[in-house]
Amino acid sequence: MGTGKLIVLTGPSGVGKGTLLRSLLKQHPELYLSISVTTRAPRLGEVDGKDYYFVSRSTFERMVAKGELLEWAEFANNCYGTPRIPVETQIRQGKWVILEIELQGARQIRQTFPEALRIFILPPSLPELEYRIRNRGQDTEEAIVRRLRRAQEEIDAASEFDIQIVNDDFEKALGRIEATLFATATC
Ligand code: 5GP
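What counts, and where the lines are drawn
Residues numbered from 1 in each chain as written. Predicted model: local features only at pLDDT ≥ 70, side-chain atom pairs only at ≥ 80, totals over all residues. Heavy atoms only, no water. Helix = DSSP H or I, 4+ residues; strand = E, 2+ residues; numbered from the N terminus. Contact = heavy atoms within 4.5 Å. Buried < 20%, exposed > 50% of the residue type's maximum accessible area, 1.4 Å probe, protein only. Arc of directions from axis to C-beta. Polar contact = N/O pair within 3.5 Å; in protein donor to acceptor, adjacent residues only side chain to side chain. Pairing = 2+ DSSP bridges.

A. Summary view of the environment of Ile35. Here Ile35 is to be found in the loop between strand S2 (31-33) and strand S3 (37-38). Taking the C-alpha atoms as reference, Ile35 lies 9.0 Å from Gly81; in sequence the two are 46 residues apart. Beyond its immediate stretch of four places on either side in the chain, Ile35 contacts Gly49, Lys50, Asp51, Tyr52, Tyr53 and Pro83.

B. Quick look at helix H4 (residues 103-112). Of the residues making up H4, those classed as buried are Leu103, Gly105, Ala106 and Ile109. All buried residues of H4 project into a common sector of 160° when viewed along the axis, lining one side. Packed against the buried residues of H4 are strand S1 (5-10), strand S5 (69-75), strand S7 (96-100), strand S8 (117-122) and helix H6 (141-156). Structurally, the start of H4 carries an N-cap: the backbone nitrogen of Gln104 is 3.0 Å from a side-chain oxygen of Glu102.

C. Up close: the pairing of S5. Among the 7 residues of S5, 5 are classified as buried, and the element is accordingly described as predominantly covered. Pairing of S5 with strand S6 (residues 78-83), which is carried by 6 bridges, proceeds in the antiparallel orientation. If you follow Glu74 over to S6, its bridge partner there is Cys79. Linking S5 back to S6 in an antiparallel pair, the connection comprises 2 residues, with Ala76 at a positive phi of about 50°.

Written out as C-alpha coordinates, the structure reads:
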(Lines give C-alpha, C1' and ligand atoms only; values in the text may rest on other atoms or scores of the structure.)
Protein backbone atom coordinates (compact mmCIF):
# COMPACT_ATOMS: atom_id res chain seq x y z
CA MET A 1 0.00 0.00 0.00
CA GLY A 2 1.24 3.52 -0.81
CA THR A 3 1.82 6.31 1.61
CA GLY A 4 -1.17 8.48 2.45
CA LYS A 5 -0.96 12.12 1.59
CA LEU A 6 -2.95 15.27 2.28
CA ILE A 7 -3.35 17.84 -0.49
CA VAL A 8 -4.85 21.25 0.17
CA LEU A 9 -6.30 23.24 -2.71
CA THR A 10 -7.06 26.87 -1.95
CA GLY A 11 -7.89 29.92 -4.02
CA PRO A 12 -10.47 32.68 -4.10
CA SER A 13 -14.12 31.96 -4.66
CA GLY A 14 -14.82 31.89 -8.40
CA VAL A 15 -11.28 30.97 -9.43
CA GLY A 16 -12.46 27.63 -10.84
CA LYS A 17 -11.17 25.25 -8.14
CA GLY A 18 -14.33 23.17 -8.29
CA THR A 19 -14.17 22.65 -12.07
CA LEU A 20 -10.46 21.84 -11.92
CA LEU A 21 -11.09 19.36 -9.14
CA ARG A 22 -13.92 17.61 -10.94
CA SER A 23 -11.65 17.03 -13.96
CA LEU A 24 -8.77 15.94 -11.78
CA LEU A 25 -10.95 13.38 -9.97
CA LYS A 26 -12.36 12.08 -13.22
CA GLN A 27 -8.87 11.41 -14.52
CA HIS A 28 -7.54 10.11 -11.20
CA PRO A 29 -10.37 8.27 -9.46
CA GLU A 30 -7.88 6.99 -6.89
CA LEU A 31 -7.82 10.46 -5.33
CA TYR A 32 -10.27 10.99 -2.47
CA LEU A 33 -12.07 14.33 -2.18
CA SER A 34 -13.12 15.28 1.33
CA ILE A 35 -16.74 16.45 1.52
CA SER A 36 -17.12 19.42 3.82
CA VAL A 37 -19.94 20.42 6.12
CA THR A 38 -21.39 23.88 5.67
CA THR A 39 -24.13 26.08 7.08
CA ARG A 40 -24.55 27.69 3.64
CA ALA A 41 -27.83 26.97 1.82
CA PRO A 42 -27.48 24.61 -1.16
CA ARG A 43 -27.14 26.29 -4.55
CA LEU A 44 -29.28 25.15 -7.43
CA GLY A 45 -28.18 21.63 -8.40
CA GLU A 46 -26.06 21.01 -5.31
CA VAL A 47 -26.68 17.67 -3.63
CA ASP A 48 -26.43 16.97 0.09
CA GLY A 49 -23.68 14.43 0.75
CA LYS A 50 -22.07 15.00 -2.65
CA ASP A 51 -21.22 18.70 -2.86
CA TYR A 52 -21.41 19.33 0.87
CA TYR A 53 -23.16 18.09 3.96
CA PHE A 54 -25.59 20.96 4.53
CA VAL A 55 -26.13 21.41 8.26
CA SER A 56 -27.70 23.94 10.64
CA ARG A 57 -25.51 26.30 12.62
CA SER A 58 -26.31 24.43 15.83
CA THR A 59 -25.21 21.12 14.30
CA PHE A 60 -22.04 22.79 13.05
CA GLU A 61 -21.31 24.25 16.48
CA ARG A 62 -21.85 20.86 18.08
CA MET A 63 -19.37 19.28 15.64
CA VAL A 64 -16.79 21.95 16.50
CA ALA A 65 -17.33 21.45 20.23
CA LYS A 66 -16.89 17.69 19.90
CA GLY A 67 -13.66 18.06 17.91
CA GLU A 68 -15.21 16.39 14.87
CA LEU A 69 -13.72 18.90 12.42
CA LEU A 70 -10.11 18.80 11.28
CA GLU A 71 -10.33 22.50 10.49
CA TRP A 72 -13.10 25.00 10.06
CA ALA A 73 -13.65 28.64 9.16
CA GLU A 74 -16.29 31.26 8.68
CA PHE A 75 -16.54 32.52 5.11
CA ALA A 76 -18.97 35.14 3.76
CA ASN A 77 -21.28 34.69 6.80
CA ASN A 78 -21.35 30.90 6.65
CA CYS A 79 -19.33 28.18 8.36
CA TYR A 80 -17.37 25.48 6.54
CA GLY A 81 -15.42 22.56 7.96
CA THR A 82 -13.67 19.29 7.15
CA PRO A 83 -14.98 16.17 8.91
CA ARG A 84 -11.98 14.66 10.65
CA ILE A 85 -12.65 10.91 10.65
CA PRO A 86 -13.03 10.25 6.88
CA VAL A 87 -9.81 12.16 6.14
CA GLU A 88 -7.78 10.42 8.83
CA THR A 89 -9.15 7.02 7.81
CA GLN A 90 -8.34 7.49 4.13
CA ILE A 91 -4.81 8.71 4.86
CA ARG A 92 -4.22 5.77 7.19
CA GLN A 93 -5.29 3.50 4.34
CA GLY A 94 -2.63 5.05 2.11
CA LYS A 95 -4.98 7.24 0.05
CA TRP A 96 -4.31 10.71 -1.26
CA VAL A 97 -6.92 13.04 0.18
CA ILE A 98 -7.77 16.45 -1.28
CA LEU A 99 -9.26 19.30 0.73
CA GLU A 100 -10.75 22.17 -1.23
CA ILE A 101 -10.80 24.84 1.46
CA GLU A 102 -10.29 28.56 2.03
CA LEU A 103 -7.29 30.33 3.53
CA GLN A 104 -8.06 30.17 7.28
CA GLY A 105 -8.60 26.42 7.05
CA ALA A 106 -5.44 25.96 4.98
CA ARG A 107 -3.50 27.77 7.70
CA GLN A 108 -4.93 25.44 10.35
CA ILE A 109 -3.91 22.42 8.28
CA ARG A 110 -0.41 23.82 8.04
CA GLN A 111 -0.24 23.56 11.85
CA THR A 112 -1.81 20.13 12.19
CA PHE A 113 -0.46 18.51 8.98
CA PRO A 114 2.79 20.36 8.16
CA GLU A 115 3.63 17.67 5.60
CA ALA A 116 0.49 18.44 3.53
CA LEU A 117 1.08 19.70 -0.01
CA ARG A 118 -0.59 23.08 -0.30
CA ILE A 119 -1.55 24.47 -3.70
CA PHE A 120 -2.96 27.95 -4.35
CA ILE A 121 -4.99 28.66 -7.48
CA LEU A 122 -4.78 32.26 -8.70
CA PRO A 123 -7.12 34.05 -11.14
CA PRO A 124 -5.51 35.75 -14.16
CA SER A 125 -6.64 39.08 -12.61
CA LEU A 126 -9.14 40.49 -10.10
CA PRO A 127 -11.46 41.92 -12.80
CA GLU A 128 -11.53 38.47 -14.43
CA LEU A 129 -12.40 36.90 -11.06
CA GLU A 130 -15.23 39.39 -10.54
CA TYR A 131 -16.52 38.59 -14.01
CA ARG A 132 -16.48 34.85 -13.24
CA ILE A 133 -18.28 35.25 -9.90
CA ARG A 134 -20.95 37.49 -11.45
CA ASN A 135 -21.31 35.27 -14.50
CA ARG A 136 -21.94 32.23 -12.32
CA GLY A 137 -25.13 34.03 -11.22
CA GLN A 138 -25.38 32.11 -7.98
CA ASP A 139 -24.77 34.76 -5.37
CA THR A 140 -26.56 37.89 -4.17
CA GLU A 141 -24.84 41.26 -4.71
CA GLU A 142 -24.02 41.35 -1.00
CA ALA A 143 -22.43 37.91 -1.15
CA ILE A 144 -20.48 38.89 -4.29
CA VAL A 145 -19.03 41.94 -2.54
CA ARG A 146 -18.05 39.83 0.51
CA ARG A 147 -16.46 37.19 -1.73
CA LEU A 148 -14.46 39.79 -3.68
CA ARG A 149 -13.17 41.40 -0.51
CA ARG A 150 -12.12 38.01 0.79
CA ALA A 151 -10.59 37.14 -2.61
CA GLN A 152 -8.09 40.00 -2.32
CA GLU A 153 -7.07 38.86 1.18
CA GLU A 154 -6.58 35.31 -0.05
CA ILE A 155 -4.55 36.35 -3.11
CA ASP A 156 -2.28 38.39 -0.83
CA ALA A 157 -1.49 35.16 1.06
CA ALA A 158 -0.73 33.04 -2.03
CA SER A 159 3.00 33.01 -1.28
CA GLU A 160 2.36 31.06 1.94
CA PHE A 161 1.58 28.03 -0.23
CA ASP A 162 4.02 25.47 -1.65
CA ILE A 163 2.85 26.03 -5.23
CA GLN A 164 0.92 28.79 -7.00
CA ILE A 165 -0.96 27.99 -10.21
CA VAL A 166 -2.68 30.61 -12.37
CA ASN A 167 -5.97 29.42 -13.82
CA ASP A 168 -5.71 31.38 -17.06
CA ASP A 169 -6.16 28.38 -19.31
CA PHE A 170 -8.12 25.46 -17.89
CA GLU A 171 -6.15 22.61 -19.52
CA LYS A 172 -2.82 24.18 -18.66
CA ALA A 173 -3.85 24.76 -15.05
CA LEU A 174 -5.05 21.17 -14.77
CA GLY A 175 -1.78 19.93 -16.26
CA ARG A 176 0.18 21.97 -13.74
CA ILE A 177 -1.82 20.53 -10.84
CA GLU A 178 -1.21 17.00 -12.13
CA ALA A 179 2.48 17.67 -12.61
CA THR A 180 2.70 19.02 -9.05
CA LEU A 181 0.90 16.06 -7.51
CA PHE A 182 2.62 13.32 -9.40
CA ALA A 183 6.07 14.91 -9.52
CA THR A 184 6.17 14.96 -5.74
CA ALA A 185 4.96 11.38 -5.48
CA THR A 186 7.06 9.16 -3.28
CA CYS A 187 5.49 5.93 -4.47
P1 5GP B 1 -18.64 28.03 -1.64
O2 5GP B 1 -19.70 28.67 -0.79
O3 5GP B 1 -18.33 28.86 -2.86
O4 5GP B 1 -18.96 26.59 -1.97
O5 5GP B 1 -17.30 27.99 -0.78
C6 5GP B 1 -16.79 29.14 -0.21
C7 5GP B 1 -15.36 28.90 0.22
O8 5GP B 1 -15.35 27.95 1.28
C9 5GP B 1 -14.48 28.34 -0.88
O10 5GP B 1 -13.26 29.08 -0.89
C11 5GP B 1 -14.23 26.91 -0.45
O12 5GP B 1 -12.94 26.47 -0.84
C13 5GP B 1 -14.29 27.04 1.06
N14 5GP B 1 -14.57 25.78 1.74
C15 5GP B 1 -15.34 24.74 1.33
N16 5GP B 1 -15.31 23.75 2.22
C17 5GP B 1 -14.49 24.15 3.23
C18 5GP B 1 -14.04 23.55 4.45
O19 5GP B 1 -14.36 22.43 4.81
N20 5GP B 1 -13.21 24.30 5.22
C21 5GP B 1 -12.79 25.55 4.87
N22 5GP B 1 -11.96 26.16 5.69
N23 5GP B 1 -13.19 26.13 3.73
C24 5GP B 1 -14.03 25.46 2.91
